[in-house]
Amino acid sequence: MASGDEDDPIIEEIDVYLSKSLADKLYLLQYPVRPGAMTYDDVNHLSAKIKPKQQRLELEMAINTMSPNYCRSKGEQIALNVDGTSYDETNTYSAKMMDKQTFSSMQATTNTSRYAAAVFRKGELHITPLTGILQMRPSFSYLDKADSKTREREAANEGGDSSQDEAEEEAKAITVRFARPESEQARQRRIQSYEFLQKKQAEEPWIHLQYHGAKDSRSDHERQYLFCQSVDASQNSELVKTPKEYLAMLMPPLAEEKIAKPVGPSNVLSMAQLRTLPLGEQVKTLMKNVKVMPFANLMGLLASGTDQTSVLRCIQQVALLVQGNWVVKSDVLYPKNTCSAHSGVPAEVLCRARDFVMWRFTLDRSVMRKEIASIIKLPPEDVKEFLEHVATPRINRGWEFLLPTDAEFIKKHPDVAHRQNMLWLGIQSKLEKVFNFSKEDFVPKNSPQSEPVHVSGAQRLKIAQERAQENQASLQRDLDSRRAGSSVQNKQELIGDGEEPMDTSSSIHNGSVNGYPSATSPCMDHTNGGSPSNGLTPELQDFVTKTFQKHVVLTLNELKRLFNLYLASMPAGQNVFSSISDHMLQDAVLLCQCKQIMVPFPAQSKLAPDERKVFGLWETGEDFDKHRRLLYDLFTKNHRVKRNAIQAKLAQEFGDVSKAEVDRLLRECCVSSAGFWFLKGTLQS
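Residues numbered from 1 in each chain as written. Predicted model: local features only at pLDDT ≥ 70, side-chain atom pairs only at ≥ 80, totals over all residues. Heavy atoms only, no water.

## What to know about the overall build of the protein
Line of reasoning, step 1. Summing up its helical and strand segments, the protein has 27 helices and 20 strands in all.
Line of reasoning, step 2. Across the 685 residues that make up the protein, the buried fraction comes to 33%.
Line of reasoning, step 3. A fraction of 67% describes how many contacts in the protein between residues 6 or more apart in sequence connect residues 24 or more apart. (Helix = DSSP H or I, 4+ residues; strand = E, 2+ residues; numbered from the N terminus. Buried < 20%, exposed > 50% of the residue type's maximum accessible area, 1.4 Å probe, protein only. Contact = heavy atoms within 4.5 Å.)

## Some words on the sheet that holds strand β14 (residues 391-394)
Line of reasoning, step 1. Here we have three strands laid out as an open sheet, ordered β13-β15-β14, and antiparallel in their pairing. The outermost strands of the open sheet, each flanked by one partner alone, are β13 (366-367) and β14.
Line of reasoning, step 2. Across four bridges, β14 lies against strand β15 (residues 398-401) in antiparallel orientation. Note that in β15 the partner of P393 across the bridge is W399. (Pairing = 2+ DSSP bridges.)

## Comments concerning the packing of helix α26 (residues 643-654) against helix α27 (residues 659-669)
Line of reasoning, step 1. Two numbers describe how α26 lies on α27: the axes approach to 11 Å, and their chain directions differ by 120°. One way to sum up the angle between α26 and α27 is to call them oblique. As α26 runs across α27, the sense of the crossing is right-handed. Between α26 and α27, the contacting residues are R643, I646, Q647 and L650 on the first element and K659, V662, D663, L665 and L666 on the second.
Line of reasoning, step 2. Its residues assigned to classes, the contact of α26 with α27 shows five nonpolar, one polar and three charged. (Axes fitted to C-alpha atoms, helices over the stretch in contact; angles between N-to-C directions. Parallel < 35°, antiparallel > 145°, perpendicular 65-115°, else oblique. Left-handed = near helix turned anticlockwise from the far one by under 90°. Nonpolar A, V, L, I, M, F, W, Y, C, P; charged D, E, K, R; others polar.)

## Concerning the side chain of D625
Line of reasoning, step 1. The topology assignment puts D625 in helix α25 (residues 625-635).
Line of reasoning, step 2. The class of D625 is buried, set by a relative accessible area of 1%.
Line of reasoning, step 3. Once you skip the residues sitting within four places of it in the chain, D625 turns out to touch W618, E619 and T620.

## Digging into the environment of Q420
Line of reasoning, step 1. Mapped onto the secondary structure, Q420 falls in helix α19 (residues 414-435).
Line of reasoning, step 2. The spatial distance from the C-alpha of Q420 to the C-alpha of L321 is 6.2 Å, given a sequence separation of 99 residues.
Line of reasoning, step 3. Each residue touching Q420, except ones within four places of it in the same chain, is listed here: Q316, A319, L320, L321 and W326.

## Brief notes about a nonpolar patch on the surface
Line of reasoning, step 1. Nonpolar side chains collect at one region of the surface, where Y246, L247, L250 and M251 lie side by side and expose about 480 Å² of accessible area between them.
Line of reasoning, step 2. For M251, the location among the structural elements is in the loop between α8 (243-250) and α9 (254-260).
Line of reasoning, step 3. Residue M251 is classed as exposed on the basis of its relative accessible area, which comes to 64%. (Patch = residues over 30% accessible without salt bridge, like charges linked within 9 Å, V, L, I, M, F, W, Y side chains within 5 Å. Areas by Shrake-Rupley, 256 points an atom, 1.4 Å probe, with all protein chains shown as cover. Salt bridge = Lys/Arg side-chain N within 4 Å of Asp/Glu carboxyl O.)

## Description of the environment of K370
Line of reasoning, step 1. With respect to the helices, strands and loops of the structure, K370 is situated in helix α16 (residues 369-376).
Line of reasoning, step 2. Linking K370 and P380, residues ten residues apart in sequence, is a C-alpha distance of 9.5 Å.

## Comments concerning the pattern of salt bridges
Line of reasoning, step 1. Counted under the stated rule, the structure contains 26 salt bridges.
Line of reasoning, step 2. The residue D220 makes a salt bridge to R223 at a minimum N-O spacing of 2.5 Å. Remark: R223 and D220 occur in helix α7 (residues 217-223); sequence separation between them is three residues, near one turn of the helix.
Line of reasoning, step 3. We classify D220 as partly exposed; its relative accessible area is 35%.

## Some thoughts on the nonpolar core
Line of reasoning, step 1. Residues M287, L298, I315, W326, F356, F361 and I376 are the most contacted members of the largest nonpolar core, which totals 55 residues.
Line of reasoning, step 2. The element contributing the most residues to this core is helix α15 (residues 347-363), with nine residues.
Line of reasoning, step 3. When sequence neighbours within four positions are dropped, the list of residues in contact with I376 reads A353, F356, V383, F386 and F435.
Line of reasoning, step 4. Judged by nonpolar contacts, the second largest core, of 42 residues, contains L559, A588, V589 and F601. (Core = buried A, V, L, I, M, F, W, Y, C linked by side-chain atoms within 4.5 Å.)

## Let's talk about the layout of surface pockets
Line of reasoning, step 1. The computed volume of the largest pocket comes to approximately 1,600 Å³.
Line of reasoning, step 2. In terms of lining residues, the largest pocket is bounded by 35 residues, among which L26, Y27, L29, Y211 and H212 are the most central.
Line of reasoning, step 3. Where the lining of the largest pocket is concerned, the elements lending two or more residues are β2 (27-30), β3 (45-51), β4 (56-62) and α7.
Line of reasoning, step 4. Sort the elements by how many residues they give to the lining of the largest pocket and α7 lands first, with four residues.
Line of reasoning, step 5. For the lining of the largest pocket, the per-class residue count stands at 21 nonpolar, seven polar and seven charged. (1 Å grid on protein atoms, 1.4 Å probe; cavity = no way out; pocket = protein on both sides within 12 Å on 5 of 7 lines; lining within 4 Å. Points joined across faces, edges and corners; volume = space filled by probe spheres on them.)

## With respect to the packing of aromatic side chains
Line of reasoning, step 1. Here the structure, examined in full by the defined rule, presents 13 aromatic pairs.
Line of reasoning, step 2. Ring centres 5.0 Å apart and planes at 45° place the aromatic pair Y31 and Y40 in the tilted group.
Line of reasoning, step 3. On the numbers, 5.9 Å between centres and 35° between planes, the contact of F356 with W359 is tilted. One end of the pair, F356, and the other, W359, are both in helix α15, three residues apart, so they sit about a helical turn from each other. (Phe/Tyr/Trp six-rings, centres within 6.5 Å; stacked < 30°, edge-to-face > 60°.)

## Focus on the pairing of strand β19 (residues 670-673)
One face of the sheet, then the other: side chains in a regular strand alternate in exactly this way.
Line of reasoning, step 1. Judged by which residues are buried, β19 turns out to be one-sided: C670 and S672 face inward and are buried, whereas V671 and S673, on the alternate face, are not.
Line of reasoning, step 2. Linkage of β19 to strand β20 (residues 676-679), two consecutive antiparallel strands, is achieved through a turn of two residues, within which A674 is found at a positive phi near 55°.

## With respect to the packing of helix α22 (residues 556-569) against helix α23 (residues 582-591)
Line of reasoning, step 1. The interhelical angle for the contact between α22 and α23, taken along N-to-C directions, is 100°, at an axis separation of 11 Å. As summarised for this structure, α22 and α23 are arranged roughly perpendicular, according to the angle between their axes. Taking contact as the criterion, the partners of L556, L559 and K560 in α22 are, on α23, D582, L585, Q586 and V589.

## Topic: the confidence of the model for the protein
Line of reasoning, step 1. Averaged over all residues, the pLDDT of the protein equals 78, while 77% of them reach at least 70.
Line of reasoning, step 2. Low confidence marks residues 162-166, where pLDDT is under 50. Its contacts with residues over four positions away, or in another chain, come to twelve contacts.
Line of reasoning, step 3. A low-confidence stretch, residues 445-453 (pLDDT under 50), is modelled with zero contacts involving residues beyond four sequence positions or located in other chains. (pLDDT = per-residue confidence, 0-100.)

## With respect to the sheet that holds strand β12 (residues 325-328)
Line of reasoning, step 1. Read from one edge of the open sheet, three strands run β10-β12-β11, paired in antiparallel fashion. One side of each edge strand has no neighbouring strand; the edge strands of this open sheet are β10 (292-293) and β11 (319-322).
Line of reasoning, step 2. Two strands pair when backbone bridges link them, and β11 and β12 are joined in this way by four bridges, in the antiparallel orientation. Of the residues in β12, the one forming a bridge with L321 is W326.
Line of reasoning, step 3. Across the sheet, α19 lies against β11 and β12, angled at about 100° from β11, the strand it touches most.

## What about unusual backbone geometry?
Line of reasoning, step 1. In this structure, K291 is a non-glycine residue whose phi angle is positive, near 80°.
Line of reasoning, step 2. Structurally, K291 is set in the loop between α11 (279-290) and β10.
Line of reasoning, step 3. Its identity is not glycine, yet A674 carries a phi of approximately 55°, on the positive side.
Line of reasoning, step 4. One can find A674 in the loop between β19 and β20.
Line of reasoning, step 5. When its relative accessible area of 47% is taken as the criterion, A674 is described as partly exposed.

Written as C-alpha cells, this is what we have:
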C-alpha cells in the first residue's frame, strides 16, 4: 500500500461544497438538433413560460428574416396558411411572415438525483443539484393550426350556404340518468387513463417568465447562488461521510436494485411468470384474460407434459362448457363485493345476468341483443360487455358465438359434457325463477321437439282425415278463385308479385299472428297478387292520409315502421287491420293523393329495397303543390341535389321564389348532408 501511494502521490486537495439556493429551480437545457458551437445566446428571446410540476418549458425566439438563408416567400406563405388574410390580435405572425419559432421541452430523464451543476473557484468546488434536464426541440404547432384553417375553408366551400343547408331537427326524447357511486377499481382505471392525464396536464397553468441573456447583470446576480453561501463544514454534513458510508453510496446493496426495477401493469403476466404458479392458478389466470377458449388451446398454453386429467379438474372449477368450448365463470370475472365499472351494478346481479347470456348460447349459435336486454334489464354498456366476452356481432344475425362448436371435445370427453349439461340444467332452473321465463319461450315454434313422438298408423290416418275436412272449404274457395281469375286481367302492380306480406309487428295482439295474415285467411285473394278481396278499409286510408300530411315524403320502410307504431298504440283485441300486405299499403298510398318518386340510386348504394321505394304527397289543394312536384322531378334525375340547383329551377319555372318558401320546401321533403340535399329516408347512414 505504501509503495502504491508513493507511485501515485496526492497533488492537491479540493474542498467540495453543496449549494442549495437553486436546488429546486436549476434546469439544464440541451439543444440536440443544433451543433454545440451554434448557441442561441445572441438570438432575441421573445418570451418564455413554464409548467413546473410537469417540467414543461417553452421558449419563443426571433428568426433573422434579413439573413441570406431566409426564404421570404416561404415565410409569407406559412404565415398566410396559419393566420389567413384577416388581421387579428390572436394571429401567430403579426408581421405577415414567419419571423419567430417556438422551442418545446422534453424531459431527457425523469431521475436527476445523480446530476448536478458544478463551478470551480479559488480551489473550491461548489455543486448544485439539478431539478431537471430538458431537451429543447422546435415545435411545429403552427402546422396544426394551418391544417385546421384549411379544413375550415374546405368545409365552408363544400357546405355552401351553411346557414340554410342544415335542416331543422325534430325534437327527440332523451333518457336522463343519474350517476352511480364510482367504485375504487373504476376510479383507479380512470386516473390511469390517457384522457385523465391529458386533462390534469392541461389544468396546470403556464407561468410566464422573463428572459435575461448570459451577460446580463441579473444573470450575474443569479449565478452567485451557484456558490455555497456558508463554507462551514457543519452545515455541509451531506458531504461529510465515513469511508464505510461513502462506499455504500458508491455500491448500494442489491435490495435497492430490486426496488429500482420497472414494474409492469398488474393485468400483464409473462408466460415465464405464469408457469411459476400452481396449475389451478395458471388455468384461472388464462381463462380470466381470454374469457372463452377451446380445451386444445388451453393445453397448448400450459407447460408440455401437463396432466390432462388435472387440467380438466381445474378448468371445471373456473369455467363452464358452452358449445364444446370453455367460458370463464361469472363469479371469477365479478368477485363478491365488487360492482360494474360502467353502471355500478353489484356483482351478484352481474353474475346472474351474464349466466343468462351464456345459457342462451347453449341453445343457439346466435342471440339478439334486444332480447337479452329486455330480460336481464341492465344498462346497455353491461349487456354489450357480456356479449363481447363470448360473441361477435353479425349483420342481420345478432351476436354469434365467438368460436365454432368443438364437437371433438364433446365426443372425446362425454362424461365431462354430461356433467356440464346437468350443471346448466340447475343454472337454468335458478334463472327461470329470477327472470320469470321458461325455456320454451326461446324455442322456435317450428323447431322439432327434442324427443320424438311415436304415432301409430291408425292415429296418422285419423289425423289426416281431420285435416282434409278442415282444409276442404279453403281449398274449394282457392279453386273457385283460380277459375274466376283466369278470365280477368291482373292489375299491374308497382311492386313485384313475389313480395311477401308486411310484418306489421312481432309483439302486437290485435287479432293477427305476429302481424302476418294466415295462409288460409279468407280476406286475401292469392290469385290476384295478394290484393285484398274486400278492398281497402277507410281506417287504413285515413292513417295513410294523416301520415303523409305530417311527413310529406316517406320511404316504404319508414311507412311500415310508422304503421307498426300505430298498431302498437291501438287497444288490445281491436281487429281493425286483420291482414295488411305491402301491396295494400302501397295501394292506399296511391289512393291518398300521393305518387311514387323514381329516384335513380347509384349502383353502389346499400339501401334496402323498401328504402328505395319513395312516395311523396302530390295533391293537397294548396298552391305550394307545384313547388313539391318540381322538387320531385329534380330527384327523378339525381338522388342528391344542391340547394342552388333547386333555387335556380324554382326561379326558372315560377319567377322569384322567397327564401322562406325554399326553406319550407327543403324542411318538409329533404335532409342535408355534406352540402347536398336528399329526399327523406334516402340518405344512407
